[in-house]
Amino acid sequence: MSQTPHFVDALDEQSVATLSTMIGKEWGGFYAIKVPVAPTHFTAWERIGLQLVDECVRINTEFLDLPLYEDFDEDVGHLSVDTAKSWRSRKKDVTLHKIFAGEVIGEIKVARVDVRYFVREFTMWTLSTVWGVVFTLDSGVIAIVKDTYQGIWLRALIADSLENLDVHLATMEWTQENLEAEAVGEKFEAELSFISVQDFMGD
């Protein structure tokens, strides 16, 4: 009996190390574009810069080619984190939003989605993928997440607490109704979890 394929998209060690150094630092804001129809959502193409006092931390997305199934023609978005002295963007509508500026980063969590794909009740594959990173500040949270599982666009989401964060994008594409898929017995299950970045240290 063949083993069910398990695909993993995770943050690399350097990204985890960079995030861990941000804890306790002063938040300055983030570089993105306003989303007019969603006042707590901001967006950017391929990367979002997070402004600290003396540097800019960049959350980047790129394609990760995972052969989830034979005719799967859309890659999974892979996140990474690095630093730069300053932020540069060729897009004029990307601006610095100073939401929660001056507050201290108290905790950082990695948002992970675990997906299971079934055909006629048989598990065909499972996928563990990073949806984004959540920063807890003195008076709220900011999450930098993939707009879709392909991760071409990123979003910055604002909320007064983790419990009130808009997380519908995390599982929407896997679990939205698809009558054609259901007719042939296809089904997805997706679960979102938040893991402290400190739990990844030393792995």
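Note: the structure precedes this text.
Heads up: these notes are all about the structure in this document. Here the structure is a predicted model, which means the values were calculated and not measured.

Moving on, we come to the overall build of the protein. Helix and strand counts for the protein come out as three helices and 12 strands. With 203 residues in all, the protein has 48% of them scored as buried. Accessible area of the protein: about 11,100 Å², with a carbon and sulfur share of 49%.

Turning our eyes to something else, we now look at the pairing of strand β4 (residues 47-52). Of all six residues in β4, five are buried, a share of seventy percent or more. Pairing geometry for strand β2 (residues 27-34) and β4, over four bridges, is antiparallel. Bridging across to β4, Phe-30 finds its partner in Leu-50. When β4 meets strand β5 (residues 56-64), the two strands line up antiparallel, connected through five bridges.

A separate point is the side chain of Gln-150. Its place among the elements puts Gln-150 in the loop between β10 (141-146) and β11 (153-159). The exposure class of Gln-150 is buried, given its relative accessible area of 11%. A polar atom in the side chain of Gln-150 sits 2.6 Å from the side chain of Thr-148.

All right, on to the nonpolar core then. Among the nonpolar cores identified, the biggest contains 30 residues, and Met-22, Trp-27, Phe-30, Leu-50 and Phe-135 are the most heavily contacted of them. Not counting residues within four places of it along the chain, the set of residues in contact with Phe-30 comprises Phe-42, Ile-48, Gly-49, Leu-50, Thr-95, Leu-96, His-97, Ile-99, Ile-142, Ala-156 and Ile-158.

Counted by the stated rule, this structure contains 10 aromatic pairs. Here Phe-30 and Phe-42 contribute two aromatic rings whose centre-to-centre distance is 5.1 Å and whose plane-to-plane angle is 75°, an arrangement assigned as edge-to-face. Taken as a pair, Phe-30 in strand β2 and Phe-42 in strand β3 (residues 41-45) lie far apart in primary sequence, 12 residues in all. Judged by relative accessible area, Phe-30 falls into the buried class, the value being 0%. Through a chain of ring-to-ring contacts, the aromatic side chains of Tyr-117, Trp-125, Tyr-149, Trp-174 and Phe-188 assemble into a single cluster.

With that settled, the discussion passes to the environment of Tyr-149. Locating Tyr-149 in the fold gives a position in the loop between β10 and β11. On the basis of relative accessible area, Tyr-149 is assigned to the buried category, the value being 13%.

Attention now moves to helix α2 (residues 168-175). Among the residues of α2, those classed as buried are Leu-169, Ala-170, Thr-171 and Trp-174. Buried-residue contacts for α2 involve β3, β8 (107-119), β9 (122-136), β11 and β12 (186-196).

A cluster of nonpolar side chains, namely Trp-45, Phe-63, Ile-152 and Trp-153, defines an oily patch on the protein surface of about 390 Å² accessible area. Looking at where Phe-63 falls in the secondary structure, it is placed in strand β5.

Attention now moves to the pattern of salt bridges. This structure, assessed with the given rule, holds eight salt bridges. Between Asp-9 and Lys-146 there is a salt bridge; the shortest N-O distance is 3.7 Å. Of this pair, Asp-9 sits in strand β1 (residues 6-9) while Lys-146 sits in strand β10, and the two are 137 residues apart along the sequence. The partner of Lys-25 in a salt bridge is Glu-55, and the shortest N-O contact between them spans 3.4 Å. You can see Lys-25 sitting in the loop between α1 (13-22) and β2 and its partner Glu-55 sitting in the loop between β4 and β5, a full 30 residues away along the chain. You can call Lys-25 partly exposed: its relative accessible area is 30%.

Rules and cut-offs
- Residues numbered from 1 in each chain as written.
- Predicted model: local features only at pLDDT ≥ 70, side-chain atom pairs only at ≥ 80, totals over all residues.
- Heavy atoms only, no water.
- Helix = DSSP H or I, 4+ residues; strand = E, 2+ residues; numbered from the N terminus.
- Buried < 20%, exposed > 50% of the residue type's maximum accessible area, 1.4 Å probe, protein only.
- Areas by Shrake-Rupley, 256 points an atom, 1.4 Å probe, with all protein chains shown as cover.
- Pairing = 2+ DSSP bridges.
- Polar contact = N/O pair within 3.5 Å; in protein donor to acceptor, adjacent residues only side chain to side chain.
- Core = buried A, V, L, I, M, F, W, Y, C linked by side-chain atoms within 4.5 Å.
- Contact = heavy atoms within 4.5 Å.
- Phe/Tyr/Trp six-rings, centres within 6.5 Å; stacked < 30°, edge-to-face > 60°.
- Patch = residues over 30% accessible without salt bridge, like charges linked within 9 Å, V, L, I, M, F, W, Y side chains within 5 Å.
- Salt bridge = Lys/Arg side-chain N within 4 Å of Asp/Glu carboxyl O.

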